[in-house]
Amino acid sequence: MTRTNTTEITNSLVLVAKSANSFDNRYVSKAFRDLGALRRRLTAPALAAVVARTYPVGATKTYLAAVVGEGDVDMEAEEASEPLPEVDAYVHLLVQLYLLDTGALAALDAFNVHVVAQLRAHNRRTLDLIAAKIWFYVARTYELRRDFVSVRPALQTALRTATLRHDDETRAALITLLLRNYLLTHDVEQAANLVGKLEFPEALASNALVARYFYYLARIHAVQLDYSRAHEYVTAAMRKAPQSVQTVGFQQAATKLNVVIELLMGDIPEARTFTADAALERSLAPYLTVTRAVRLGDLQLFEECVAQHAATFQRDATHNLVMRLRQNVIKTGIRIISLSYSKISLRDICIKLQLDSEESTEYIVAKAIRDGVIDATIDVQGFMASKEIVDVYATTQPQAAFDARIKFCNLVHNDMVKAMRYPTSTNRVDLKAHLEASDKESQLLKALQDGDLDDGFF
Amino acid sequence: MSLESLTASLYKSYEAKKYEEAAAFLPAIKLHLIKHKLLVPLTNADTTKNHYNDLRISKKILEIGAFISINLAEFAQFEQYFIYLKAFYGNAHITNMNKDAQVGKIYSLYLLYLLSQGEFSKFHSELELVYNTWPAEVVASDQFLRFPTNLEKNLMEGNYIKIWQLYAADERELPLAEFKLFERVLIDSLRSEIATNISKSYLSLPVVNIKELLHLHDFSGAQIETKIAEEYGWTLHNGVVHFAAEAEEGAEESNHARIIKNVLGYASEIETIV
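Each chain carries its own residue numbering, running from 1 in the direction its sequence is written. Written order determines the labels here, with chains lettered from A and ligands numbered from 1. Per-residue local features are limited, in this predicted model, to residues with pLDDT of at least 70; the limit for side-chain atom pairs, both in listing and counting, is 80 or more; totals at the level of whole chains, interfaces and linings are taken over all residues. Side-chain descriptors were evaluated using all non-hydrogen atoms of the structure, hydrogens and water having been removed beforehand.

**Description of the overall build of chain A**
For the record, the criterion: The way it works is that DSSP assigns letters per residue, a run of H or I at least four long becomes a helix, a run of E at least two long becomes a strand, and they are numbered from the N terminus. Only protein chains enter the accessibility calculation, which uses a 1.4 Å probe. A residue is then buried if its area is under 20% of the maximum for its type, exposed if over 50%, and partly exposed in between. Each accessible area is a Shrake-Rupley result for a 1.4 Å probe, and residues are judged covered by the shown protein chains and nothing else.
Broken down by element type, chain A carries 22 helices and three strands. Put simply, chain A has 458 residues, and 49% of those count as buried. Carbon and sulfur atoms make up 54% of the accessible area of chain A, which amounts to about 23100 Å² in all.

**Considerations on the packing of helix 13 (residues 248–264) of chain A against helix 15 (residues 278–296) of chain A**
All names here are of chain A. Applicable threshold: For every element, the axis is a line fit to its C-alpha atoms; helices are fit only across the contacting stretch, and the angle between N-to-C directions ranges from 0 to 180 degrees. Throughout, the term roughly parallel applies to angles under 35 degrees, roughly antiparallel to angles over 145, roughly perpendicular to angles from 65 to 115, and oblique to all others. Throughout, a residue-residue contact means that at least one pair of heavy atoms, one from each residue, lies within 4.5 Å. Residues are grouped as follows: nonpolar covers Ala, Val, Leu, Ile, Met, Phe, Trp, Tyr, Cys and Pro; charged covers Asp, Glu, Lys and Arg; every other residue, Gly included, is treated as polar.
Look at helix 13 against helix 15: their axes get within 10 Å of each other, and the N-to-C directions meet at 5°. By the angle between their axes, helix 13 is roughly parallel relative to helix 15. Across the interface between the two elements, Val248, Gln251, Gln252, Thr255, Lys256, Val259, Val260 and Leu263 of helix 13 pack against Ala279, Leu280, Ser283, Leu284, Tyr287, Val290, Thr291 and Val294 of helix 15. A breakdown of the residues in the contact of helix 13 with helix 15 according to their chemical character gives 10 nonpolar, five polar and one charged.

**Here we look at helix 13 of chain A**
Definition in use: Here a helix's expected span is defined as the number of its residues, less one, multiplied by 1.5 Å.
Here helix 13 of chain A contains 17 residues, and its C-alpha end-to-end distance of 24 Å stays within 8% of the 24 Å for a straight helix at 1.5 Å per residue. Of all 17 residues in helix 13 of chain A, 16 are buried, a share of seventy percent or more.

**A few points about the interface of chain A and chain B**
Stated formally: Values labelled buried area give the accessible surface lost by two parts on being combined, using a 1.4 Å probe and summing over both. Put simply, a salt bridge is a Lys or Arg side-chain nitrogen that is within 4 Å of an Asp or Glu carboxyl oxygen. Under the rule applied, a polar contact is a pair of N or O atoms within 3.5 Å (in protein, one hydrogen donor and one hydrogen acceptor; residues adjacent in sequence only if both atoms are side-chain atoms).
If you look at the interface, chain A gives 38 residues, while chain B gives 43 residues. Summing both partners gives a buried area of about 3700 Å² for chain A against chain B, and 53% of it is carried by carbon and sulfur. For Glu157 of chain B, the salt bridge is made with Arg326 of chain A, and the minimal N-O distance between the two is 2.6 Å. Run the count over chain A and chain B and you get nine residue pairs in polar contact (both at pLDDT 80 or more). Residue assignment for the side of chain A that touches chain B shows that the elements contributing at least two residues are helix 10 (188–197), helix 18 (326–340), helix 20 (358–370), strand 2 (376–378) and helix 21 (397–419) of chain A.

**Quick word on the confidence of the model for chain A**
Residues and elements named next belong to chain A. Keep this limit in mind: A score from 0 to 100, pLDDT tells how confident the predictor is in each residue.
When pLDDT is averaged along chain A, the result is 81, and 90% of the positions lie at 70 or above. When mean pLDDT is compared element by element in chain A, helix 11 (residues 207–223) scores highest at 91, while helix 22 (residues 431–448) scores lowest at 67. This stretch, residues 453–458, has a pLDDT under 50; its non-local contacts, to residues over four places away or in other chains, come to 24 contacts.

**Details of unusual backbone geometry**
Although it is not a glycine, Ala317 of chain A sits at a positive phi angle of roughly 60°. Take Ala317 of chain A: it is sitting in the loop between helix 16 (299–315) and helix 17 (319–323).

**Brief notes about the sheet that holds strand 1 (residues 343–345) of chain A**
All names here are of chain A. Put simply, the test is: Being paired, for any two strands, means DSSP has found at least two bridges between them.
Taken in spatial order, the three strands of this open sheet run 1-3-2, and their pairing is antiparallel. If you trace the sheet from one side to the other, it starts and ends with strand 1 and strand 2, each paired once. Ignoring strand direction, the axes of neighbouring strands in this sheet form an average angle of 20°. Bridging between strand 1 and strand 3 (residues 383–386) involves three bridges; their strand directions are antiparallel. If you follow Lys343 over to strand 3, its bridge partner there is Ala385. Strand contacts of helix 19 (residues 346–353): strand 1, strand 2 and strand 3, with the helix running at about 75° to strand 1, the strand carrying the most contacts.

**Observations concerning the packing of aromatic side chains**
The line we're drawing: Between the rings of Phe, Tyr and Trp (Trp by its six-membered ring), a pair exists once the centres lie within 6.5 Å; its type follows the angle of the planes, with under 30 degrees stacked, over 60 edge-to-face, and the other angles tilted. The rule for a charge over a ring is simple: NZ of Lys or CZ of Arg within 6 Å of the ring centre, and within 35 degrees of the ring normal.
Tallied over the full model, the rule gives 18 aromatic pairs over all chains. Cluster of aromatic residues (ring-pair linked, three or more members): Phe75, Phe78, Phe82, Tyr89, Tyr107, Tyr110, Tyr113 and Phe182 of chain B. Between Lys343 of chain A and the ring centre of Phe383 of chain A, over which it is positioned, the NZ or CZ distance is 5.2 Å. For the cation-ring pair, Lys60 of chain B lies above Tyr11 of chain B, with the distance from its terminal atom to the ring centre recorded as 4.6 Å.

**A few points about the packing of helix 5 (residues 85–101) of chain A against helix 6 (residues 105–120) of chain A**
Residues and elements named next belong to chain A. Note the following rule: Helix crossings get a hand from a simple test, with the near helix turned counterclockwise from the far one by less than a right angle marking a left-handed crossing and a clockwise turn marking a right-handed one.
Contact geometry of helix 5 with helix 6 gives a least axis separation of 9 Å together with a crossing angle of 165°. Judged by the inter-axis angle, helix 5 sits roughly antiparallel to helix 6. Here the hand of the crossing between helix 5 and helix 6 comes out left-handed. Two secondary-structure elements touch here, helix 5 through Asp88, His92, Val95, Gln96, Leu99 and Leu100 and helix 6 through Leu105, Ala107, Leu108, Phe111, Asn112, His114, Val115 and Gln118. Classifying every residue of the contact of helix 5 with helix 6 by side-chain character gives eight nonpolar, five polar and one charged.

**What about the environment of Tyr341 of chain A?**
Residue and element names in this part refer to chain A. Relative to the elements of secondary structure, Tyr341 occurs in the loop between helix 18 and strand 1. According to the relative accessible area criterion, Tyr341 is partly exposed, its value standing at 34%. Separated by 253 residues in the primary sequence, Tyr341 and Asp88 have C-alpha atoms spaced 73 Å apart. Within the structure, Tyr341 has its side chain in polar contact with the side chain of Lys352 (distance 3.1 Å).

**Here's the deal with helix 11 (residues 207–214) of chain B**
Formally: Here the arc refers to the set of directions running from the helix axis out to each C-beta atom.
All of the buried residues along helix 11 of chain B are Val207, Ile210, Leu213 and Leu214 of chain B. All buried residues of helix 11 of chain B fall inside an arc of 120° around its axis, so they share one side.

**Some thoughts on the pattern of salt bridges**
Residue and element names in this part refer to chain A. Using the criterion set out here, one finds 19 salt bridges over all chains in the structure. Notably, a salt bridge pairs Glu143 with Arg140, separated by 2.8 Å at the nearest N-O pair. Linking Glu143 with Arg140, this pair stays in helix 7 (residues 128–144), spanning three residues, or about one helical turn. Per residue, the accessibility class of Glu143 equals that of Arg140, and both read buried.

**Remarks on the side chain of Ser58 of chain B**
Residues and elements named next belong to chain B. Within the secondary structure, Ser58 is located in helix 3 (residues 49–71). Of note is the side chain of Ser58, whose polar atom sits 3.0 Å from the backbone oxygen of Leu55. The contacts of Ser58, once residues within four sequence positions are left out, are Leu33, Leu38 and Phe88.

**Examining the domain arrangement of chain B**
All names here are of chain B. For clarity, the threshold we go by: Where each domain starts and ends follows an automatic or database-derived domain assignment.
Domain boundaries in chain B define domain 1 (3–201) and domain 2 (202–274). Here the C-alpha centroids of domain 1 and domain 2 sit 38 Å apart. At the interface, nine residues of domain 1 touch 12 residues of domain 2. Interface of domain 1 and domain 2: buried area, both sides summed, is about 1000 Å²; carbon and sulfur atoms make up 67% of it.

**Looking at the sheet that holds strand 1 (residues 204–206) of chain B**
Residues and elements named next belong to chain B. Pairing in this open sheet of three strands is antiparallel, and the strands run 1-3-2 from one edge to the other. Of all strands in the sheet, those with a lone pairing partner are strand 1 and strand 2 (235–237), marking the two edges. Strand-to-strand, the axes of this sheet are offset by a mean angle of 30°, without reference to chain direction. Direction of pairing for strand 1 relative to strand 3 (residues 240–242): antiparallel, over a ladder of three bridges. Across the sheet, the residue bridging to Leu205 is Val241, located in strand 3.

Rendered as structure tokens:
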């Protein structure tokens, strides 16, 4: 067991070293792809063996061995030379993971200080991917210890350093971590300030980070009542996120937010949203009942449902957003009435929607007309008369929708063109070598397709 | 003057409701607070009990400062005080959310201020913070906080009757006397809101009904007529206001231009692809 474990780790280290020597970060990504599986099987003896083999005798070796807790590592086993900084960082990352998974938070906290100091010493672009991951676990440690505030200065300083070094992966990781930190303490104002002052390296960061960033943006905009932008971001987040078993948590969170935002915009999400994915179905159940209430325009049902699922909404941090739906319930109620009656007295509307009084009905209906929820007029005698429903196809609406789709397709196409990689021309000389390389390349690409959102974030 | 004597005079004039006199002490007190590192609550594990007590006093001073600036209608200053205070409220060692009634007062005033400025997105950001960081039972039972949140809810729903009722109540029935200070601004913006709604939803409406809907009970007939003509730009005929249907001409013209622009855009995109 220990032996295979050690071999696996060594294999990853070889990949990491290769990427450092060839200046190609994709090999690190490959190593990260196996990290999820490897993480579940990490053991102290395996780690100790790797440490013993990788490091020459010295302070670092002694320290790491002490942290792993296997003091009796054969210190003189092999004469290793000083490892590459990348390999060094990767081993540190593994130790971090081991400590995190065994729940040794205090030890991890102390270890983090050591890791961060180690990271600061090097300025190499091949370190970026590993550094980003390490920072993630540093922030995660603080989060697990329910200490949100004291990590902020460290993250901010690191962000500055990363920006100055053009270390885009770490920069993107740190921005998402800061946003996550602010949103966990519900400090939306602060998060919005951060977004307003920063430029996120969207084209250069990995997909998983971009998806996360978009998700946080969506949450900020939703709180700030900018629903259409929020909707754009949350759909982008859902599209960017890898669709695998490990990302179910993220998909759940994003879908929940999407449902609430769509409802707030006055749309009703498709029924398919709730049933399409078995993994999401159960967690979306409360949102399904809310959607039903909004669709029926039934205030009473809505209140009941919110009261019943309050705890769930609180946990999902969507409670305040859901509370805002009350006005949408009323509006849908008015819309349904307006569609089914060509003329109806305000009094009847008041009774049907269980509003407080006729006067308030008058105000509410007037507001609905102004907000464009219904197309109607009120007359002096206290009747609401709906205008004839116009044929949508006679308006410019279909054209606008078609235009929006064409623009989106063009955008996708242009992004794809930008994202393409071209082989360097020197490789063309030796055709055989090239073929071999491309074979390896395609294997590597295949391995990368699934992405790496696998770190148990949600 | 020392900090102690300054603070004592501040308390004295504040309690006598001599706000302008009290405001004069504030800049000097603030300077002292900065000197003693009490304006921003930077605490850690080593902070002594005495220092915490001092911080609590400076919190009290800032709260008084906030109340004074509200009463003097110095809203920019009030916002400043609120930002200072937020740091104090975020520190559990200084502020006990369960017992401190001042927190609810200051927060509700700030929320009301944001509403009166039409800053809805800021309002909701603050609300998000309040609802999620304070103990739930405190938020639910806080009579001060309920005022701005109810106001916003009714405003969004269009249930304006409730808002008239909130303010029509006697001054003494308001949870906090300072709420009255926002009445003017809020009612004015409410009226213009309702006026827009009316003009969109009625073809014509007698002045009597308009008076009712806009709650213009305190105005005479002539005053209302000038208000209608000048503020909202409506025309009056035999005691009935006719709302002109909004002209939608010109939309047709720009539509053609838009189609041409779009199609040209597609053409150039296809060019790059092919």
